[in-house]
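Letter by letter, the chains look like this.
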Amino acid sequence: MQRRKLFAVALAGALATGGLAACSDSPNANNANANKSVDYLRIGMPNGTQTENNNPFAGTSSANALGYKWVVYEPLMQWNPVKPADPMTPWLASDVKWADDFKSMDVTVRDNAKWSDGQPLSADDVAYTFSLLKTKQALNEFAIPYDQITVNGSVVHVTFSSPQFVNQSKILARTPIVPKHVWEKIADPTTDTLKNPVGSGPYSLKSFTQAGAVLDLRTDGGYWQDLPKVKELRYVSYSGNDTQSTALANGECEWSFVFIPNYKSVFIDKDPAHHKVWAPGVLGIHGLYLNTTIKPFDDPKLRQAMNMVVNRADIFNQAEAGYFHPQLDSVTGLPNGAGDAYIAPEYQGKKLTVDVDGAKKVLTDAGYKLNGDTLTSPAGKPVTIKLSDPAPWSDYQTTLEIIKSNLAEIGIKATVEKPNQDKWDADVQKGNFEGAMRWTNGGATPYDIYQTVMDGDLLKPVGQPAQQGNFGRFKSPEATAALKAYANATTDAARTDAMNKIQKIFVEQVPMLPVGSDNVGAAFSDKNWVGWPSDSDPYAGQQPTQPYSLQIILKLKPAANA
């Protein structure tokens, strides 16, 4: 999930280039209709000029970038990342039963769903979708090892070549189901842009421009549950964080996942009664990946010392604006709240704190010397590091500047480089970097976090792209074995034992410096629509590009009628 990172990569929100038209309604028009009920919802993302591509499996498609794929296509189940341990909600599947070893599942497909072209949705469509991912690995975003796929009436039986306990939500809640009668006629599903998408969701694509897309309610009467009260969804892609934030502030846009520095004055204070931000934490983090193939960063003692001086409070308050992620402080790297139940007994209550003197002692005990303001390695060479992230990612850039200052306190001279996103991504994947801020995968358990950082099965030689993780080329047979043990475990006790071992390696070896928690938050307005998730009703995450966005839209009601 890295590039697509679930929770995504809208991350810093500024992957955009070029200018875009504003939302279809001007702020003056919006004010003129302030007391009137509206039947549309305006959704924005800071992802730049779009080229129409409605292929739900294409990670860079406009349907993915803006999020409208999830109101056209639907998953088998809905999963709440805010409460990851809760049972999933049946969706296109009325029931799912897993074998005890999680190497097979039986999916019962509901019998009252129809595609937007009027054809009934059946178990054959579900089986076809899984078979498509099995045979077309370019579409298999999560590298799920599908094996045998068979149909018996309304039940799809799927076997896997390895246990899938850690991938349940990916298979069931993040896989869009597609119609066999449409897709089997597509010459190349990996490249087709799908101009006329046929889905099971309540909306159909009405129009598309480089600035966004408009979707309206299906009129065929075939949606399997009550239709949303929102009749039209107007998605707009803004050129970057600033233009997206301005649109939110002046009422042109009502819902977006975007980083807003000074969010209170920039957004909340423009309409305190209606402008809201909700950013609940999830099982995913951000951190400084270190290339462990480069000396002296192959030394865990140096990595320990670096970890001890990172000022996460400054990063939370300055780089993350004090709201965008819950502050991370567990030595395990697990985020507060979502990760609490998984922390090993030996690390309960142990916090990441700034300890410059302690870091210096770790270094001197390991043979390093601090000469004035320069740290030298046991080999006698000054310790320097190049930190890199794309320039538009303002939160990461501020984070790197803070870390640069922190490292100077133990004599490490850091420089900050700002390559464009494509070069940065290629460099990180190929191991052509020294230090880079990046996210981890996220999921229903901490496994995804640690796998992204430490899994030897993902280890690639420098120069060969590591697309799934282990960008720092961390080599630890013990970590790989513990991760495999967790994934293959058939009991909670075995999983707990494996997770405790995983955390011990992460804490002692420091393959990555954990910096901040991930979240599934958004900025939104309840001026026209109410029913959004909140602390008191955390029924879903809040990002408009994720599968649960349809759950949110289905719950919204006109504010005028509330």
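In this report, we go over the structure that sits alongside the text. (Residues numbered from 1 in each chain as written. Predicted model: local features only at pLDDT ≥ 70, side-chain atom pairs only at ≥ 80, totals over all residues. Heavy atoms only, no water.)

### Considerations on the overall build of the protein
So, step 1. Helix and strand content of the protein: 17 helices and 22 strands.
So, step 2. Taking 2.2 N^0.38 as the reference for a compact globule, 562 residues should give roughly 24 Å; the C-alpha atoms of the protein span a radius of gyration of 24 Å, in line with that estimate.
So, step 3. The dimensions of the protein, computed from C-alpha atoms along their principal axes, are 75 × 55 × 40 Å.
So, step 4. Out of the 562 residues belonging to the protein, those deemed buried represent 59%.
So, step 5. Element-wise, carbon and sulfur atoms account for 49% of the exposed surface of the protein, whose accessible area totals about 21,400 Å². (Helix = DSSP H or I, 4+ residues; strand = E, 2+ residues; numbered from the N terminus. Rg over C-alpha atoms; globule rule 2.2 N^0.38 Å. Buried < 20%, exposed > 50% of the residue type's maximum accessible area, 1.4 Å probe, protein only. Areas by Shrake-Rupley, 256 points an atom, 1.4 Å probe, with all protein chains shown as cover.)

### Structural notes on the pattern of salt bridges
So, step 1. All chains considered together, the criterion is met by 20 salt bridges.
So, step 2. Between Glu232 and Arg234 there is a salt bridge whose closest N-O contact spans 2.6 Å.
So, step 3. Using a relative accessible area of 14% as the deciding quantity, one classes Glu232 as buried. (Salt bridge = Lys/Arg side-chain N within 4 Å of Asp/Glu carboxyl O.)

### Digging into the nonpolar core
So, step 1. Counting residues in each nonpolar core, the largest one holds 149 residues, and the members touching the most others are Leu41, Val71, Leu76, Met105, Leu233 and Met454.
So, step 2. Ranked by the residues each element gives to this core, the list is headed by helix α4 (residues 123–135), at seven residues.
So, step 3. In this structure Leu41 touches Val230, Glu232, Leu233, Arg234, Glu254, Trp255, Trp529, Trp532, Ile553 and Leu556, once residues within four positions along its chain are discounted.
So, step 4. Counting ten residues, the second largest nonpolar core, distinct from the first, contains Leu248, Cys253, Ile260 and Ala523. (Core = buried A, V, L, I, M, F, W, Y, C linked by side-chain atoms within 4.5 Å. Contact = heavy atoms within 4.5 Å.)

### Some points on the packing of aromatic side chains
Two measures describe an aromatic ring pair: the distance that separates the ring centres and the angle between the ring planes.
So, step 1. According to the stated counting rule, one finds 19 aromatic pairs in the structure shown.
So, step 2. Geometrically, the ring pair formed by Trp393 and Trp439 is tilted, given 5.9 Å between the ring centres and 55° between the ring planes. With Trp393 in the loop between β16 (384–388) and α12 (394–408) and Trp439 in strand β18 (residues 435–439), this pair connects stretches of sequence that are 46 residues apart.
So, step 3. Connected via pairs of aromatic rings, a cluster forms that spans Trp98, Phe102, Phe130, Tyr146, Phe160, Phe165, Tyr447 and Tyr486.
So, step 4. The side chain of Arg174 reaches across the aromatic face of Phe142, ending 6.0 Å from its centre. (Phe/Tyr/Trp six-rings, centres within 6.5 Å; stacked < 30°, edge-to-face > 60°. Lys NZ or Arg CZ within 6 Å of the ring centre and 35° of its normal.)

### Notes on unusual backbone geometry
So, step 1. Note that the residue after Lys295, namely Pro296, is joined by a cis bond; omega there is 0°.
So, step 2. Inspection of the secondary structure puts Pro296 in the loop between β13 (281–290) and α9 (300–309).
So, step 3. Not every positive phi belongs to a glycine, and Arg473 is a case in point at roughly 55°.
So, step 4. Relative to the assigned elements, Arg473 resides in the loop between α14 (447–454) and α15 (477–488).
So, step 5. Its identity as a non-glycine residue notwithstanding, Val510 has a phi of 50°, on the positive side.

### A closer look at the sheet that holds strand β7 (residues 155–160)
So, step 1. With respect to topology, four strands assemble into an open sheet ordered β4-β5-β7-β6, the strand pairing being antiparallel. Each edge of the sheet is formed by a strand with only one pairing partner; in this case those strands are β4 (93–98) and β6 (146–152). For this sheet the average axis-to-axis angle between neighbouring strands, irrespective of direction, equals 15°.
So, step 2. Here β4 pairs with strand β5 (residues 104–109) via five bridges, running antiparallel. Counted as the bridge partner of Lys97 is Asp106 from β5. (Pairing = 2+ DSSP bridges. Axes fitted to C-alpha atoms, helices over the stretch in contact; angles between N-to-C directions.)

### So, the pairing of strand β9 (residues 212–217)
So, step 1. For strand β8 (residues 203–209) and β9, the ladder comprises six bridges, and the chain directions are antiparallel. The partner of Thr209 across the bridge, within β9, is Gly212.
So, step 2. Linkage of β8 to β9, two consecutive antiparallel strands, is achieved through a turn of two residues.
So, step 3. Relative to strand β10 (residues 232–237), β9 runs antiparallel, the two sharing five bridges. The residue of β10 that forms the bridge with Leu215 is Leu233.

### Quick notes on the packing of α14 against helix α16 (residues 492–509)
So, step 1. Direction vectors running N to C along α14 and α16 enclose 45°, while the axes themselves pass 11 Å from each other. With respect to each other, α14 and α16 are oriented oblique. The hand of the α14/α16 crossing is left-handed. Only Met499, Ile502, Gln503, Ile505 and Phe506 of α16 make contact with α14, whose side of the interface consists of Tyr447, Tyr450, Val453 and Met454.
So, step 2. For the contact of α14 with α16, the class distribution of residues is eight nonpolar, one polar and no charged. (Parallel < 35°, antiparallel > 145°, perpendicular 65-115°, else oblique. Left-handed = near helix turned anticlockwise from the far one by under 90°. Nonpolar A, V, L, I, M, F, W, Y, C, P; charged D, E, K, R; others polar.)

### Some remarks on the sheet that holds β8
So, step 1. If you trace the seven strands from one edge of the open sheet to the other, you get β8-β9-β10-β1-β11-β20-β12, paired in mixed fashion. Every interior strand has two partners, whereas the edge strands, β8 and β12 (275–278), have only one.
So, step 2. Strand direction decides the pairing type here: strand β1 (residues 40–45) and strand β11 (residues 255–256), joined by two bridges, are parallel. Directly across from Ile43, in β11, lies its bridge partner Trp255.

### Focus on the side chain of Asn140
So, step 1. Mapped onto the elements, Asn140 comes out in the loop between α4 and β6.
So, step 2. Not counting chain neighbours up to four residues away, the residues in contact with Asn140 comprise Leu133 and Tyr146.

### Observations regarding the environment of Ser131
So, step 1. Here Ser131 lies in helix α4.
So, step 2. On a C-alpha basis, the gap between Ser131 and Ile149 in space is 7.0 Å, while along the polypeptide they are 18 residues apart.

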